[in-house]
Amino acid sequence: MDHRITRRTGLTATALAATTAAVGLPTVAFAAGDPAPYKRRPAAKSARSAPSWRHGEPHRHPWDRRGSGKTLREAQPGAVGLDAETLEELPGIIRAGLEFDPPRFAGASVLIASQAGIALEHADGYALRWKDASEELPEDQWIPARTDTIYDLASISKIFTATAVMQLVEQGELALDDTVSSYLPRFAENGKGQVTVQQLLTHVGGLPAFINLYSAYPDVPSRLDAVLTVAPKTPAGTEYVYSDLGLITLGLIVEKLSGQTLDVYVREHITEPLGMHETMYNPPADLRERIAATEYVEYYGYLVHGHVHDENAYSLGGVAGHAGVFSTARDLAVLGQMFLGGGRYGSARILKAATVQDMYTDRIAEITGVGGARRGLGPELEAWFYHAGLTSPYSGTHTGFTGTSLVIDPLTDTIVIMLANSVHPTREWSSTSATRREVSTCVAHALGIVPEGVRSGWRAGQEDGTTATLTAAVALPTSGAAPELRLDLFAHLETAYDMLAVEASQDQGSTWIPLAGALEAKHQESVAVPDGQITGWGRRQQWSGVFPLVDSSESEGSESEGSGSDSSGPGGSPVLAGEVQIRLAMTTDTATRGLGAWVGRIRVADGRDTLLDTDRAADREQIVADGWADAG
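Residues numbered from 1 in each chain as written. Predicted model: local features only at pLDDT ≥ 70, side-chain atom pairs only at ≥ 80, totals over all residues. Heavy atoms only, no water.

## With respect to the overall build of the chain
Inference 1: Check the secondary structure of the chain and you find 16 helices and 32 strands.
Inference 2: For the chain, buried positions account for 58% of its 632 residues.
Inference 3: Residue pairs in contact within the chain that sit at least 24 positions apart in sequence constitute 72% of those at least 6 positions apart.
Inference 4: Total accessible area on the chain is roughly 24500 Å²; 48% of this is exposed by carbon and sulfur atoms. (Helix = DSSP H or I, 4+ residues; strand = E, 2+ residues; numbered from the N terminus. Buried < 20%, exposed > 50% of the residue type's maximum accessible area, 1.4 Å probe, protein only. Contact = heavy atoms within 4.5 Å. Areas by Shrake-Rupley, 256 points an atom, 1.4 Å probe, with all protein chains shown as cover.)

Right, dumping it as structure tokens:
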């Protein structure tokens, strides 16, 4: 017995009991889905300064998947574009999550596939280890996690429901702009008569995130009626609120239009055609030894092992639109490959290619704004908090509260699956997203997303809640045209929250002014950086940053006191002159990150004269790196 864990668990159980008593719930905190971690909206200045990466995208949309319907096979990493040595870090990442204090999860199964080749499968930890939140089972009763362990997918179930809805859309049984109440009249209660199917799929239908069904209502009919008649939280189409209730409602629409229960519909129209024979609702008792246990729930008085963890889903019979599906990593990879195949897997056609593109196209950016949530028709997109190094505007798909996640990167045809029982034995320990990020970022490095041209320079932005500076002093001429700072740069930063600022100082660092400029790359339209701040996914390109050394903070045509120069640069801004410091300041917020900022060659040129060039050993030694690591 690990006495450190036992002592910690006792404290956690006490705190949990105190919390539930304070809020008046049963002796368990409810599992309110799996929303992204709460983050304050970025400051207005940051929001305005996010560069636009919309131009220069591939001519063919990454989710225009008119492919061959490839099926998965086992493959060597190198044969599918992955560096084997980098992938070898993944077992250590999972082990670190298991040994974290408290453990991030009890056990985990990981699968990495790219170009339809399964390059890695790995399992560690235990599918079952704990008796309750303070006591382990006898060691001979522990069940190791395996690559074929069956996990409660929790909210990944929402993707199955969304797929079912989109099949019915294809068949003409309903339309995305149809009102929900046209199929479920009770839904019109409390002013929800105009809420549409699409608004529920994208979580902008105005519904609250959660209501207690399992203990507040006596039976399934009353619980479903409570879902349908719930009062809205916000006007429809005005705010993103991740809501289990919307997907429960959509599941009811599937049942009404198909004449089948949701579990039967999903089996007959999705999992059976795909050969996903180990994916199911309400798994039979004879599979219990292969199923990962979840939480000891005080409300039930036992450890949940073999039935759905989500209390609301369990109270609805284990089948609901928001939770209830169990699966293995291999089976879930088939679902991911079906999406990459444009709705086809082998001879099985589940969706049309155009429908898949619709599902993975963001619908809510105008509501959520810069740095806000992104949602397609079911899938979660551009989710930095777990896509991490694989994040792009096209990356999807979903997480689950129990510790599960499915990430699909269409830009590299890569699938990353991490299934974990992070709520075993208590949800109070769960912090799976840290490991999810580490796994996704490891795969991004194995794919070689960071360009070779910047790997011999400096890197920063890999840690949360930090500011790192890269500084150089340079003597600028006192007259003539504006010199230019040129950078070989790669940036992959959580949009509007993590920022790389390009700055200069003429007073030994007492004050810093932003350097406006642009980013240029072959076969790409340039990206304006009007206030010297760079954020976002960066198109996975190496850029040449060009920043004229002028005081753009001065109004157009004005003279800059102390600039030492009568010259003016772009827009009439005064040219910097004399002893000047150049700085790259990389600032991260306290949660989630991507691949960071990577800077290769740094140059300052005045016409034909090179004033600073880090390709010259003596100049490189003049760079002061505080918090920036040597990328080489």
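There's plenty left to go through after this.
## Details of the packing of aromatic side chains
Inference 1: Tallied over the entire structure, the rule returns 10 aromatic pairs.
Inference 2: Measuring from centroid to centroid gives 5.3 Å for Trp130 and Trp429, while their planes differ by 85°, and the two rings are edge-to-face. Note that Trp130 is positioned in strand E4 (residues 130–132) and Trp429 in the loop between strand E18 (414–420) and helix H15 (432–446), a separation of 299 residues in sequence.
Inference 3: Judged by its relative accessible area of 4%, Trp429 is buried.
Inference 4: Seen from their ring centres, Tyr300 and Tyr314 are 5.5 Å apart, and the 70° between their planes marks the pair as edge-to-face. (Phe/Tyr/Trp six-rings, centres within 6.5 Å; stacked < 30°, edge-to-face > 60°.)

## A look at the packing of helix H5 (residues 157–170) against helix H9 (residues 262–274)
Inference 1: Contact geometry for H5 and H9: axes closest at 10 Å, N-to-C directions at 75°. When the interaxial angle is binned, H5 and H9 end up roughly perpendicular. For the pair H5 and H9, contact is made by Phe160, Thr161, Thr163, Ala164, Gln167 and Leu168 and by Leu262, Tyr265, Val266, His269, Ile270 and Thr271, respectively.
Inference 2: When its residues are assigned to classes, the contact of H5 with H9 shows 7 nonpolar, 5 polar and no charged. (Axes fitted to C-alpha atoms, helices over the stretch in contact; angles between N-to-C directions. Parallel < 35°, antiparallel > 145°, perpendicular 65-115°, else oblique. Nonpolar A, V, L, I, M, F, W, Y, C, P; charged D, E, K, R; others polar.)

## Focus on the pairing of strand E30 (residues 609–613)
Inference 1: With 4 bridges connecting them, strand E29 (residues 596–606) and E30 associate as antiparallel partners. From the neighbouring strand, Val604 faces E30, where its bridge partner is Leu612.
Inference 2: Where E29 folds back on E30, the antiparallel hairpin that results is connected by 2 residues, among which Gly607 adopts a positive phi of roughly 65°. (Pairing = 2+ DSSP bridges.)

## Quick word on unusual backbone geometry
Inference 1: For the peptide bond that leads from Asp101 to Pro102, omega is 0°, which places it in the cis range.
Inference 2: Mapped onto the elements, Pro102 comes out in the loop between helix H4 (90–99) and strand E2 (107–114).
Inference 3: Between His424 and Pro425 the backbone carries a cis peptide bond, its omega angle lying at 10°.
Inference 4: Mapped onto the elements, Pro425 comes out in the loop between E18 and H15.
Inference 5: Of note, the phi angle at Glu382 is positive, near 50°, even though the residue is not glycine.
Inference 6: Following the sequence through the fold, Glu382 ends up in the loop between strand E15 (380–381) and helix H14 (384–387).

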